[in-house]
Amino acid sequence: PELIKDVPLDDPVAENERRQERVLAMFKHAWQGYKKYAWGHDELGPLTKRGLDWSKLKREGFGFTILDGMSTMWLMDLKAEFEESVEWVDKHLSFAKDADMSQFE
């Protein structure tokens, strides 16, 4: 993504709006990569471009990236992405998997 530039330092409102635009663009970029390479998996390996899962079977995930991203999508007003995630959760989310994991949140 393009760096933040061409923002007058004496205009804090314009500077904040530009930063918000860049954060939104970076989120969308990351989300599209996850959807393309790892949809439904727990995370995306950025170098391998493969989905990674935390279950012991390593072939079916909990969709943790989807779950984790939903609140961010809602706050960023990305309703289409949020609704697509809700649909995945409704159809695919199951905690009936054998997994050892540590959650920091």
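So, how was this worked out
- Residues numbered from 1 in each chain as written.
- Predicted model: local features only at pLDDT ≥ 70, side-chain atom pairs only at ≥ 80, totals over all residues.
- Heavy atoms only, no water.
- Helix = DSSP H or I, 4+ residues; strand = E, 2+ residues; numbered from the N terminus.
- Buried < 20%, exposed > 50% of the residue type's maximum accessible area, 1.4 Å probe, protein only.
- Polar contact = N/O pair within 3.5 Å; in protein donor to acceptor, adjacent residues only side chain to side chain.
- Contact = heavy atoms within 4.5 Å.
- Axes fitted to C-alpha atoms, helices over the stretch in contact; angles between N-to-C directions.
- Parallel < 35°, antiparallel > 145°, perpendicular 65-115°, else oblique.
- Left-handed = near helix turned anticlockwise from the far one by under 90°.
- Nonpolar A, V, L, I, M, F, W, Y, C, P; charged D, E, K, R; others polar.
- Phe/Tyr/Trp six-rings, centres within 6.5 Å; stacked < 30°, edge-to-face > 60°.
- Lys NZ or Arg CZ within 6 Å of the ring centre and 35° of its normal.
- Expected span 1.5 Å × (residues − 1).

Student: How should I be thinking about the side chain of Glu15 in this particular structure?
Tutor: You can see Glu15 is positioned in helix α1 (residues 12-38). Glu15 gets classed as buried once you look at its relative accessible area, which sits at 17%. Of note is the side chain of Glu15, whose polar atom sits 2.6 Å from the side chain of Arg19.

Student: Help me out: how do you make sense of the environment of Phe27 in this one?
Tutor: Considering the arrangement of structural elements, one finds Phe27 in helix α1. Phe27 sits 46 residues away from Met73 along the chain, and the two C-alpha atoms are 8.8 Å apart. In contact with Phe27, not counting residues within four places along its chain, are Gly69, Thr72, Met73, Met76 and Leu78.

Student: Which parts of the structure should I look at to understand the packing of α1 against helix α2 (residues 64-75)?
Tutor: Two numbers describe a pair of packed helices, the interaxial angle and the distance between the axes. Direction vectors running N to C along α1 and α2 enclose 155°, while the axes themselves pass 12 Å from each other. Of the possible angle classes, the one that applies to α1 and α2 is roughly antiparallel. Judged by the sense of rotation from one axis to the other, the crossing of α1 with α2 is left-handed. Between α1 and α2, the residues in contact are Phe27, Trp31 and Tyr34 and Thr65, Ile66, Gly69, Thr72 and Met73, respectively. Grouping the amino acids of the contact of α1 with α2 by side-chain chemistry returns five nonpolar, three polar and no charged.

Student: It is not clear to me how the packing of aromatic side chains should be interpreted in this structure. Could you clarify?
Tutor: Any aromatic ring pair is given by two values, namely how distant the centres are and how the planes are angled relative to each other. This structure, assessed with the given rule, holds six aromatic pairs. Geometrically, the ring pair formed by Phe62 and Phe64 is stacked, given 5.1 Å between the ring centres and 20° between the ring planes. Comparing Phe62 with Phe64 shows no difference in burial state: the two are buried. Each residue in the set Phe27, Trp31, Tyr34 and Trp39 is aromatic and connected to the rest through ring pairs, giving one cluster. Cation over ring: Lys79 sits above Trp74, and NZ or CZ is 4.1 Å from the ring centre.

Student: Got a minute to help me understand α2 in this structure?
Tutor: An α-helix turns once every 3.6 residues. As a result, residues three or four positions apart point the same way. Listed in full, the buried residues belonging to α2 are Phe64, Ile66, Gly69, Met70 and Met73. Considering only its buried residues, α2 is in contact with α1 and α3 (79-92). Positioned one or two residues after α2, Asp77 has a phi angle of 60°, which is positive.

Student: What am I meant to see in α1 here?
Tutor: When the terminal C-alpha atoms of α1 are compared, their 38 Å separation across 27 residues agrees well with the 39 Å that a helix rising 1.5 Å per residue should span. Every buried residue of α1 is accounted for by Glu15, Arg18, Arg22, Phe27, Trp31, Gly33, Tyr34 and Ala38.

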